[in-house]
Number of protein chains: 2
Amino acid sequence: MTDTPSLPKPSRRAFLRGTAMAAGALAAGRAAAEGPDPLITEVQPWAQGFGDGVDAVPYGMPIHFESHVVRRNVDWLTADVVSSINFTPIHALEGTITPQGCAFERHHSGAIELSKPDYRLMINGLVEQPLVFTYADLERFPRSVQTNFCECAANSGMEWGGAQLQGAQFTHGMIHNMEYTGVSLRTLLQEAGVKPEGTWVYVEGADASSNGRSIPMEKALDDVLVAFFANGEALRKEHGYPVRLVVPGWEGNLWIKWLRRIEVTDGPVEAREETSKYTDLMPDGRARKWTWEMDAKSVITSPSPQAPWRQGPGPMVITGLAWTGRGRITRVDVSLDGGKNWQEARLAGQPEPMALTRFYLDHVWDGSEMLLQSRAIDETGYVQPTKDALRDVRGLNSVYHNNGIQTWWVKPNGEAENVEVS
Amino acid sequence: MTDTPSLPKPSRRAFLRGTAMAAGALAAGRAAAEGPDPLITEVQPWAQGFGDGVDAVPYGMPIHFESHVVRRNVDWLTADVVSSINFTPIHALEGTITPQGCAFERHHSGAIELSKPDYRLMINGLVEQPLVFTYADLERFPRSVQTNFCECAANSGMEWGGAQLQGAQFTHGMIHNMEYTGVSLRTLLQEAGVKPEGTWVYVEGADASSNGRSIPMEKALDDVLVAFFANGEALRKEHGYPVRLVVPGWEGNLWIKWLRRIEVTDGPVEAREETSKYTDLMPDGRARKWTWEMDAKSVITSPSPQAPWRQGPGPMVITGLAWTGRGRITRVDVSLDGGKNWQEARLAGQPEPMALTRFYLDHVWDGSEMLLQSRAIDETGYVQPTKDALRDVRGLNSVYHNNGIQTWWVKPNGEAENVEVS
């Protein structure tokens, strides 16, 4: 070092101006009375020798200090291989991209291993020419790149019955957001030639569950992608290697993994996964169905129960994610008092359609308790509702499509708890 | 299946209309005479039982079929821990994001392990108040999110002397592109208060090399990020955990990993890494210095020597990456004949400033040899030059800043070779 300053003193400038507590907290967490900080005044071991060379890790993993940032399941809820779910650690992530390695999984008969040589994709039904594609065939078609969120319809489903799970990972972690590359489904359907009476497609996977779902032709010809790559590299096994469907803005159950067949039909198949499941039982005993689009939703990821704020009073970053299946997020509001007062959050970058948007509220915390909430507003003007408003309309029988406003009670010690306010 | 079609026949519609060879190649790679494809007609093992449950991999890795998609080094060139480099497998990636796990590394004394509790960042020199930040302190400041490429100045450096390395990974793989989240350097400098005579910053890392570099204040106050997260998660150890500098559009050597100190100075320090290295020796014996900005550049990633085209004639996808340190890529041209004729490529999505842009040429290949080239054009109007044009100006002494047009000779068998054309 060319200049060793005296022990850092609190600054009263700029960002911290006028917030005396915060300025104190910025002094490297040390009181002057503690004496010099050896991490500053002494040459540390990691500056005295060589680190790892470039042949140490041909494919890297997160550093061991971050070993808590992993997918987690809830034993009693989700760990059966017949029908299994885990959750993205959204409380510990930042920005908008979800790394594949910690992106949530939802399997109906487990994640299968399917090689490219063994891969086939059939298009049949009401087409002029049934076709079977190998992986190498698919590589011939023009590709596009798009970033989209994938949210399980059951995300936040446990919250219909009140605040139950302690952590954004568990309440809102059945979501991920990746940059996909693949071939437009429209291109492949045009290749086979859809007959005039073909108004739907039925899509299924190569796993034992097959997880078949019906999609209206209008959507199939719009923005659906037959994807090979996520975040620049091949899909991981658990995300459908080598080929999955990307259905922007629509519930994750339609995003068929290990995609094996697309049948053009003249109506919905009304398959198991769209009748016994993925419908919403209303108070009058009837069920909403074809509720594909994910409504605008948001959640504060930090602070949250798994991400307490340990720094104490002063400047703090309140941050979270917002998304909508109907285009772009245009605004996110944050409340510190359980929805009585709202202030507009700052959106990071330009929100992309049907993709996660990161929001921030740069706040100076006085150390008193907060009831943190966020509400998303999308380009259609839709405003994320309260949980009670949702229950008034849909009752308590639903499992899916809970996009109600989430509340975290942040206590003076910075810990947070999942609560409901009314 | 509800409908088993007869063996797929070639389609003459849409994308393949009029390309008889291609249509034949699309018939799942099988001649009708070979009989039914058991992958279509028989229920396969992976559809007969359960796959992996969700507790199989808390943090996932690429499937073993993709084990070739890793960082690689070149023993004689790069494997010494004192000064080591490896290369991103760009020939096997798609889209624009580079996963951290296979993003190239360049270390000057190896990758060190530095925990958040042990982390300190000092700002000193010509400031009103020297400061030391802990990691927890940094978490208090407003954050932003931006996607940027990081290219080593020596990327393609071996090509000054002619076509030498066989593969886009080795010729152009000292580049990666990630979504970063962190605090603006401007914010931290404002916190310390830059004195009027403070016109440069000197930045260094916590590793033994320290890798100190000087950056003009104008850039430091512009778009430089003190980053904690890449692609949504914590930086990996080898990418500077817990904090690195992101210097958009400027050579990777400035992107200090394990950032430990920022000294405000009244001029450049002229440190080892910016005098003995990272300057460009010209034919007249003088050296260009402060060549921070990365000029517009592009490369075709597929087909390329490590990514031969195995499908034969017919529709093919020619794809690659383009970037510029001066803003946005506005156009990429592709030549099939070594630069005699050019056609405009299709850009994926909206190019972001100082970020990788993916381009495509959807081509119907007649099976004859090609001399594939791409040239990038950026928003300043700059056009990527030929290697010879570069050599005419800069001679043959340079190591850094080779952004000349790359040529792949694609042979009738689909294999590709690094060649030069004049």
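Residues numbered from 1 in each chain as written. Chains lettered and ligands numbered in written order. Predicted model: local features only at pLDDT ≥ 70, side-chain atom pairs only at ≥ 80, totals over all residues. Heavy atoms only, no water.

**A closer look at the relation of the copies chain B and chain A**
Rotating chain B by 180° and translating it 0.0 Å along the rotation axis places it on chain A, where the RMSD comes to 0.0 Å. Here the two chains are linked by the operation of a two-fold rotation axis. Interface overlap between copies is the fraction of interface residues in one copy that are interface residues in the other; for chain B against chain A it reaches 99%, indicating a shared surface. (Least-squares fit on C-alpha atoms with pLDDT ≥ 70 in both. Contact = heavy atoms within 4.5 Å.)

**Details of the interface of chain B and chain A**
It is common to give the size of an interface as the accessible area lost on bringing the parts into contact. Taken together, the contact pairs 126 residues of chain B with 125 residues of chain A. Each partner contributes to the roughly 10800 Å² buried at the junction of chain B and chain A, and carbon and sulfur atoms together form 59% of this total. Per-residue buried area on chain B facing chain A is highest for B:W46, B:V54 and B:R140; these three make up 9% of the total on that side. The interface formed by chain B and chain A includes eight salt bridges. The partner of B:D37 in a salt bridge is A:R120, and the shortest N-O contact between them spans 2.6 Å. Linking chain B to chain A there are 46 residue pairs in polar contact (both at pLDDT 80 or more). If one sorts the elements of the side of chain B that touches chain A by residue count, strand β17 (residues 314-323) of chain B sits on top with five residues. (Buried area = accessible area lost by both parts, 1.4 Å probe. Salt bridge = Lys/Arg side-chain N within 4 Å of Asp/Glu carboxyl O. Polar contact = N/O pair within 3.5 Å; in protein donor to acceptor, adjacent residues only side chain to side chain. Helix = DSSP H or I, 4+ residues; strand = E, 2+ residues; numbered from the N terminus.)

**So, the pattern of salt bridges**
Pairing is possible between side chains of opposite charge, provided their charged atoms come close. Residues and elements named next belong to chain A. Scanning the entire structure with this criterion turns up 60 salt bridges over all chains. The closest approach of N and O atoms between R71 and E105, which form a salt bridge, is 3.1 Å. Of this pair, R71 sits in the loop between α2 (38-41) and α3 (75-78) while E105 sits in the loop between β2 (83-85) and β3 (106-107); the two residues are 34 residues apart in sequence, bridging distant segments of the chain. Here E105 falls in the buried class, since its relative accessible area comes to 3%. Across the pair R326 and D295 runs a salt bridge, and its minimum N-O distance is 2.6 Å. Residue R326 is located in the loop between β17 (314-323) and β18 (329-335), and its partner D295 is located in the loop between β15 (287-288) and β16 (297-302); the two are separated by 31 residues in the primary sequence. Taken together, the salt bridges that share partners define one network made up of E204, R260, R261 and E263. (Buried < 20%, exposed > 50% of the residue type's maximum accessible area, 1.4 Å probe, protein only.)

**Focus: the sheet that holds strand β18 (residues 329-335) of chain B**
Residue and element names in this part refer to chain B. Pairing is antiparallel in the open sheet, where five strands are placed in the order β19-β18-β22-β23-β24. Either end of the sheet is taken by a strand with one partner, and the two such strands are β19 (343-344) and β24 (416-419). As defined by bridge partners, β18 adjoins β19 across two bridges and the pair is classed as antiparallel. Across the sheet, D333 pairs through a bridge with E344, a residue of β19. (Pairing = 2+ DSSP bridges.)

**Observations regarding the layout of surface pockets**
Take a probe with the size of a water molecule and roll it over the atoms, and the empty space left behind shows itself. Estimated volume of the second largest pocket: approximately 750 Å³. Along the wall of the second largest pocket there are 31 residues; nearest its centre are A:A307, A:P308, B:K116, B:Y135 and B:E139. Secondary structure elements with two or more residues in the lining of the second largest pocket: β16 and β17 of chain A together with α4 (135-138) and β10 (225-230) of chain B. Class assignment for the residues of the lining of the second largest pocket results in 15 nonpolar, nine polar and seven charged. (1 Å grid on protein atoms, 1.4 Å probe; cavity = no way out; pocket = protein on both sides within 12 Å on 5 of 7 lines; lining within 4 Å. Points joined across faces, edges and corners; volume = space filled by probe spheres on them. Nonpolar A, V, L, I, M, F, W, Y, C, P; charged D, E, K, R; others polar.)

**As for the pairing of strand β13 (residues 259-265) of chain A**
Both faces of the sheet carry side chains from a regular strand, because those side chains alternate between them. Residues and elements named next belong to chain A. Burial analysis of β13 places six of its seven residues in the buried class, the great majority of the element. Where strand β4 (residues 120-125) meets β13, four bridges bridge the pair, whose relative direction is parallel. Looking across to β13, one finds that G125 is bridged to V264. Two strands pair when backbone bridges link them, and strand β8 (residues 200-205) and β13 are joined in this way by six bridges, in the antiparallel orientation. Along β13, the bridge assignment pairs W200 with T265.

**A look at the confidence of the model for chain A**
Residues and elements named next belong to chain A. Chain-level statistics for chain A give a pLDDT mean of 91 and a share of 92% at 70 or above. Segment residues 1-14 is flagged for pLDDT under 50; beyond a separation of four residues in sequence, or across chains, it makes 41 contacts in the model. Overall, residues 16-29 carries pLDDT values under 50, and its contacts beyond four positions in sequence, including any with other chains, amount to 31 contacts. Scored as a whole, the predicted complex attains pTM 0.94, and scored at its interfaces, ipTM 0.93. (pLDDT = per-residue confidence, 0-100.)

**Side note on the side chain of A:N177**
All names here are of chain A. Relative to the assigned elements, N177 resides in strand β7 (residues 175-184). With a relative accessible area of 0%, N177 lands in the buried category. At 3.1 Å, the side chain of N177 forms a polar contact with the backbone nitrogen of F149. Residues contacting N177, with those up to four places away along its chain left out, are T96, I97, T98, T147, N148, F149, N231, A355 and L356.

**Structural notes on the sheet that holds β17(B)**
Paired through their backbone hydrogen bonds, the strands of a sheet run either parallel or antiparallel. Residue and element names in this part refer to chain B. The four strands are arranged β16-β17-β21-β20 in an open sheet whose pairing can be described as antiparallel. The sheet terminates laterally at β16 (297-302) and β20 (346-347), the two strands that pair on one side only. Here β16 runs beside β17; their pairing, made up of five bridges, is antiparallel. Looking at β17, one finds that V299 is bridged to L321.

**Some remarks on helix α6 (residues 185-192) of chain A**
Residue and element names in this part refer to chain A. Counted residue by residue, α6 has six buried out of eight residues, so it is predominantly covered. All of the buried residues along α6 are L185, T187, L188, L189, E191 and A192. If you check the start of α6, you find a side-chain oxygen 3.1 Å away from the backbone N of R186, and it comes from S184. One or two residues past the end of α6 sits G193, with phi positive at roughly 85°.

**Considerations on helix α9 (residues 387-394) of chain A**
All names here are of chain A. When α9 is considered as a whole, its buried residues turn out to be K387, L390, R391 and R394. Taken end-on, α9 shows its buried residues confined to a sector of 100°, consistent with a single buried face. Away from its buried face by more than 90 degrees, α9 exposes D392 and V393. Its buried side turned inward, α9 meets β14 (280-281), β15 and β24 (416-419). (Arc of directions from axis to C-beta.)

**A few points about the packing of aromatic side chains**
Tallied over the full model, the rule gives 24 aromatic pairs over all chains. Summarising the aromatic geometry, the rings of B:F149 and B:W323 are spaced 6.5 Å apart at their centres and angled 55° between planes, so their arrangement reads as tilted. Taken together, the residues span a long stretch of sequence, with B:F149 in strand β6 (residues 143-151) and B:W323 in strand β17 at a distance of 174 residues. Of the residues examined, B:F149 reaches a relative accessible area of 0% and is grouped as buried. Through successive ring pairs, a cluster of aromatic residues spans A:W200, A:W250, A:W290 and A:W292. The ring of B:W342 has B:R375 lying over it, and the distance from NZ or CZ to the ring centre is 4.2 Å. (Phe/Tyr/Trp six-rings, centres within 6.5 Å; stacked < 30°, edge-to-face > 60°. Lys NZ or Arg CZ within 6 Å of the ring centre and 35° of its normal.)

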